[in-house]
Amino acid sequence: MRKEKIISKEKQGRIYTFDHMKAFLIFCVVLGHIAYWFPKENYLLHCTQLWIYFFHMPAFIFLAGLFSKKIIDAQRWDKIIPYIFLYIFMKSIIYFVDVFRLGSDKTKIDFFHAVGVEWFALSLFWCYVITIAIRRVHPVYIIIVSVCMSMLAGYTDADTSFMVWQRTVTFYPFFYLGYILETDKLMNWRQVHKKIKIVLSIALLVFLYAVIYFCYTDHSVWLKILRGYFSYQEIFGSANLIYGGLYRLLAYVISFILVFGLIILFPNRRICGVLTYIGSRTLPVYALHSPLIPLLFALSSGHIKTVMLETNLFITSILLSIFLCIITSLPIFDNLLRKLIEVPQRDK
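In this report, we go over the structure that sits alongside the text. Throughout this description, residue numbers start from 1 for each chain and increase along the sequence as written. Confidence filtering applies because this is a predicted model: local features only for residues at pLDDT of at least 70, side-chain atom pairs given and counted only at 80 or more, and all residues used for totals across whole chains, interfaces and linings. Processing note: side-chain calculations cover all non-hydrogen atoms of the structure and skip hydrogens and water entirely.

**Things to note about the overall build of the chain**
Runs of E in the DSSP output that reach at least two residues are strands. Runs of H or I that reach at least four are helices, and both are numbered from the N terminus. From N to C terminus, the chain includes 20 helices and 0 strands. For a compact globule of 348 residues, the expected C-alpha radius of gyration is about 20 Å, and the chain comes in at 20 Å, within 12% of that figure. Over its C-alpha atoms, taken along the principal directions, the chain stretches across nearly 60 × 50 × 40 Å. For the chain, the residues scored as buried account for 49% of the 348 residues in total. Residue contacts are defined here by distance: any two heavy atoms, one from each residue, within 4.5 Å place the two residues in contact. Here the analysis covers contacts within the chain between residues at least 6 apart in sequence; of these, 85% occur between residues at least 24 apart. With the model as given, the accessible surface of the chain reaches about 17500 Å², and the carbon-plus-sulfur share is 67%. Under the counting rule used here, the positive set is Lys and Arg, the negative set is Asp and Glu, and His together with the chain ends is not counted. Positions of charges follow a simple convention, taking NZ of Lys, CZ of Arg, CG of Asp or CD of Glu. Computed over 35 positive and 20 negative side-chain charges, the separation of the two mean positions in the chain equals 9 Å. We take the radius of gyration over the C-alpha atoms and set the globule estimate at 2.2 Å times the residue count to the 0.38 power. Exposure categories follow from relative accessible area, calculated using a 1.4 Å probe and restricted to protein chains: below 20% of the type maximum is buried, above 50% is exposed, and the middle band is partly exposed. Only the protein chains shown count as covering a residue, and every accessible area follows the Shrake-Rupley method with a 1.4 Å probe.

And the structure:
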């Protein structure tokens, strides 16, 4: 009876679990990108960066798949094509910021290759297209084949950033798993032994952070694995190349567990208006935060970076991440971005 009430409530109203989760994830995205501007200055910051890379993009792509069912089943191209426009917009605005910072002679724009944050928009487009093409194939086959393809893709020496093909292959299993799972069943699963699951989820997150902090001084190997576009040759060299696929498989296991752990941790009730607000407007935050970070540093002539370094870099990075999440989620940016990438709806 209790489960039936839960389902009924969730069908009628918004599922706040996902708003809270998306707000946390977009904060992690911003914090992770700020960390790249301070490569060796703060060990705690870079431990946190590696920690969030285990789950932030897998979870985002899983949620994208979870909310993709109606679009894919109805083949709503007017909802899928805008990801191409979003990719072009992000690529262009990053280019203009780089021209402002570095000069036109030191930067270029290439729409066929992506290694920055814009990859996510193009990769989502491919995820939708692939899923439409294979949606009638048995899910078990798709999961097995997609995981195996991801493990094998790292052995190639092909151009891994071309049209974000390798990142798409790497993260596609998360998207597809979200697509095949039913939201009601997922939310009901949360209620079974919920307290035990919460304890286990917290314990796993803390344990992973402790392992990163105490056992690894060089985070570059795992960061490259988790970013999804480096070949095993680039990561390990020739000596340990054979183990690349096993590293990828281990990363999958950890990331899948963490994604479901996060779904457990975030409550399905309105606990903070700001979280719900940002969680429902993650698109402009993702699109705008990456060019804004270097732009702020450039406009302040490096003063902001100096202040961050002279105070507490970890705390100031968190505060700057919160500030960027709030500013870029304002309705003016959300509405403008959606109008820029909008495709007129087809006649019903």
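**Notes on the pattern of salt bridges**
We define a salt bridge as a side-chain nitrogen of Lys or Arg found within 4 Å of a carboxyl oxygen belonging to Asp or Glu. Tallied over the entire structure, the rule returns 5 salt bridges. The partner of E118 in a salt bridge is K91, and the shortest N-O contact between them spans 3.1 Å. With E118 in the loop between helix 7 (82-102) and helix 8 (119-134) and K91 in helix 7, this residue pair connects regions lying 27 residues apart in the sequence. An identical accessibility class is assigned to E118 and K91; each is buried. Between D98 and R101 there is a salt bridge, with its nearest N and O atoms 3.0 Å apart. Taken together, the positions of D98 and R101, both in helix 7 and 3 residues apart, correspond to about one turn of that helix. Overall, the relative accessible area of 30% leaves R101 in the partly exposed class.

**Things to note about the side chain of S123**
Among the secondary structure elements, S123 is positioned in helix 8. The buried category is assigned to S123, whose relative accessible area is 2%.

**Re the packing of helix 11 (residues 183-191) against helix 15 (residues 244-265)**
The contact between helix 11 and helix 15 brings their axes to 9 Å, and the two run at 75 degrees. Regarding the angle of helix 11 to helix 15, the classification is roughly perpendicular. Note on element contacts: helix 15 touches helix 11 through F260, I263 and I264, opposite L186, W189 and R190. Where helices are involved, their axes are fitted lines through C-alpha atoms of the stretch in contact, as for all axes, and angles between N-to-C directions lie from 0 to 180°. Angle categories: roughly parallel below 35 degrees, roughly antiparallel above 145, roughly perpendicular from 65 to 115, and oblique for all the rest.

**Here's the deal with helix 11**
Residues L186, M187, N188 and R190 constitute the buried set of helix 11. Remark: H193 follows helix 11 within two positions and exhibits a positive phi of approximately 50 degrees.

**A word on a nonpolar patch on the surface**
Note on patches: the residues involved have over 30% relative accessible area and no salt bridge, like charges join within 9 Å, and the nonpolar side chains Val, Leu, Ile, Met, Phe, Trp and Tyr join within 5 Å. Nonpolar side chains collect at one region of the surface, where W77, I81, F85, I88, I109, F111, F112 and F162 lie side by side and expose about 680 Å² of accessible area between them. Mapped onto the secondary structure, I109 falls in the loop between helix 7 and helix 8. According to the relative accessible area criterion, I109 is partly exposed, its value standing at 32%.

**Structural notes on helix 20 (residues 331-341)**
Every buried residue of helix 20 is listed here: D334, L337 and I341. Viewed along the axis of helix 20, the buried residues span an arc of 75 degrees, placing them on a single side of the element. Turned more than 90 degrees away from the buried face of helix 20 sit I332 and K339, all of them exposed. Considering only its buried residues, helix 20 is in contact with helix 7 and helix 17 (282-299). Regarding the arc, it is the one traced by the directions from the helix axis to the C-beta atoms.

**What to know about the packing of aromatic side chains**
Stacked, edge-to-face and tilted are the three classes for Phe, Tyr and Trp ring pairs, Trp counted by its six-membered ring, which pair at centre distances within 6.5 Å; planes under 30 degrees apart are stacked, over 60 edge-to-face, the rest tilted. This model, assessed by the stated rule, comprises 34 aromatic pairs. Ring geometry for Y128 versus F175: centroids 5.3 Å apart, planes at 70 degrees, classification edge-to-face. In this pair, Y128 sits in helix 8 while F175 sits in helix 10 (residues 165-180), placing the two residues 47 residues apart along the sequence. Look at F175 and you get buried, because its relative accessible area is 0%. Ring plane angle 45 degrees and centroid distance 5.5 Å describe the contact between F174 and Y252, whose orientation is recorded as tilted. Of this pair, F174 sits in helix 10 while Y252 sits in helix 15, placing them 78 residues apart in sequence. Given a relative accessible area of 3%, F174 falls into the buried group. Under the relative-accessibility criterion, Y252 is labelled buried at 4%.

**A few points about the environment of F175**
Residues F175 and I142, 33 residues apart in the sequence, show an inter-C-alpha distance of 11 Å. F175 has contacts with I61, A64, G65, S68, I72, L124, C127, Y128 and T131, leaving out every residue within four places of it along the chain.

**Some words on the nonpolar core**
Residues F54, F55, F62, W119, F175 and Y286 are the most contacted members of the largest nonpolar core, which totals 97 residues. When residues of this core are assigned to their parent elements, the largest contribution, 12 residues, is made by helix 2 (residues 16-35). Buried Ala, Val, Leu, Ile, Met, Phe, Trp, Tyr and Cys residues form a nonpolar core when they are joined through side-chain atoms within 4.5 Å.

**Brief notes about the side chain of E118**
Its relative accessible area of 5% is what places E118 among the buried residues. Within the local environment of E118, its side chain forms a polar contact with the side chain of K91, the two groups lying 3.1 Å apart. Pairing of N or O atoms within 3.5 Å defines a polar contact, subject to two protein rules: one partner must be a possible hydrogen donor and the other a possible acceptor, and residues neighboring in sequence count only if both atoms are side-chain atoms.

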